[in-house]
Amino acid sequence: MRLPRFLFLLPALLLAASALFAQSAAPERIDTVADAASLVERANKLYEDGDFKGALGIYERVARSGYSTAAVLGNAGAAAYRDGDPGRAVLYYRRALRVDPGYDRALQSLRVVSPASNDAGSSFWQGAVEGLFRLAPPGLWLGLSQLLLLFFSFAVYRALASEDPDARSHWFAVGAYAALVLAAVAACGYGSYRFRTGGGDAVILAPDTVLRSAPAAASSELFALPAGTVVRLLEEPVSGFVRCRLADGSTGYAPTAGLEPI
């Protein structure tokens, strides 16, 4: 019995069809800035049409691709807020500020969407330090550190090369002061880097997330946090919980499933 010819072509047809289906199902690649710009334009159109969830999905893809900007992250925050997800809105507005600490749109939006728990206990000095980190990028601190290191090396060289005891003491004292200033500048540089990269900060995404007294679901409840609360992670996660500190200094254990690092 001879089989119809088309049966011999059936495997090839099925393979071609599966390849076409896989290609259509695969997400659009983001290989260039033009690809990212095209996707952002599409997301903006979805946002204008009221499809905030679809727009957020595209903004998040661009943010993960390496072609993200403060504007893209800000758009993701706006889409998340309009989609009824204040926690993710705070997360993306905070990430936008990591890219551009002076991004006014994110600063203004956080005044609206950020819960009061993020402002509790904030002090003048804390605000001053954060303001300094916003204005001075890590590269500036690195440059100052290099200059101070050169000055410190010069002072030590002059002290060792001098035969006059008074001059030697003078240059050693100058070197000691330079070392102290160098340590302070290096600490500011590290703090600025941590501030701009998120450091150990995370955002509570799930509403009414309960902080507990120990890393266990059976431990006593301390209080509930609204979505969008920013916490500082203090330890490595244990049994699905992580110890964190709030803006007012309170500490407790939050479930890792309900938060995301900035």
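Below you will find a few notes about this structure. In this text, all values refer to a predicted model and were calculated from it rather than measured experimentally.

**Points about the pattern of salt bridges**
Logical step 1: Summed over all chains, the structure comprises ten salt bridges.
Logical step 2: The shortest N-O distance in the salt bridge between Asp-85 and Arg-88 comes to 3.5 Å.
Logical step 3: On the basis of relative accessibility, which here comes to 23%, the residue Asp-85 falls in the partly exposed class.
Logical step 4: Across the salt bridge formed by Asp-201 and Arg-98, the nearest N and O atoms sit 3.1 Å from each other.

**What to know about the side chain of Ser-145**
Logical step 1: Its place among the elements puts Ser-145 in helix α8 (residues 138–161).
Logical step 2: Not counting residues up to four positions away in its chain, the partners in contact with Ser-145 are Leu-182, Val-185 and Ala-186.

**Describing the packing of aromatic side chains**
Logical step 1: Across all of its chains, the model carries two aromatic pairs by this definition.
Logical step 2: Judged by centre distance (5.6 Å) and plane angle (85 degrees), the ring pair of Phe-154 and Trp-171 falls under edge-to-face. Residue Phe-154 is found in helix α8, and its partner Trp-171 is found in helix α9 (residues 165–197); the two are separated by 17 residues along the sequence.
Logical step 3: The aromatic ring of Tyr-92 is capped on one face by Arg-95, whose charged end is 5.4 Å from the ring centroid.

Reading guide: rules and limits
Residues numbered from 1 in each chain as written. Predicted model: local features only at pLDDT ≥ 70, side-chain atom pairs only at ≥ 80, totals over all residues. Heavy atoms only, no water. Salt bridge = Lys/Arg side-chain N within 4 Å of Asp/Glu carboxyl O. Buried < 20%, exposed > 50% of the residue type's maximum accessible area, 1.4 Å probe, protein only. Helix = DSSP H or I, 4+ residues; strand = E, 2+ residues; numbered from the N terminus. Contact = heavy atoms within 4.5 Å. Phe/Tyr/Trp six-rings, centres within 6.5 Å; stacked < 30°, edge-to-face > 60°. Lys NZ or Arg CZ within 6 Å of the ring centre and 35° of its normal.

From the geometry alone we can't say anything about function, so treat these as descriptive.
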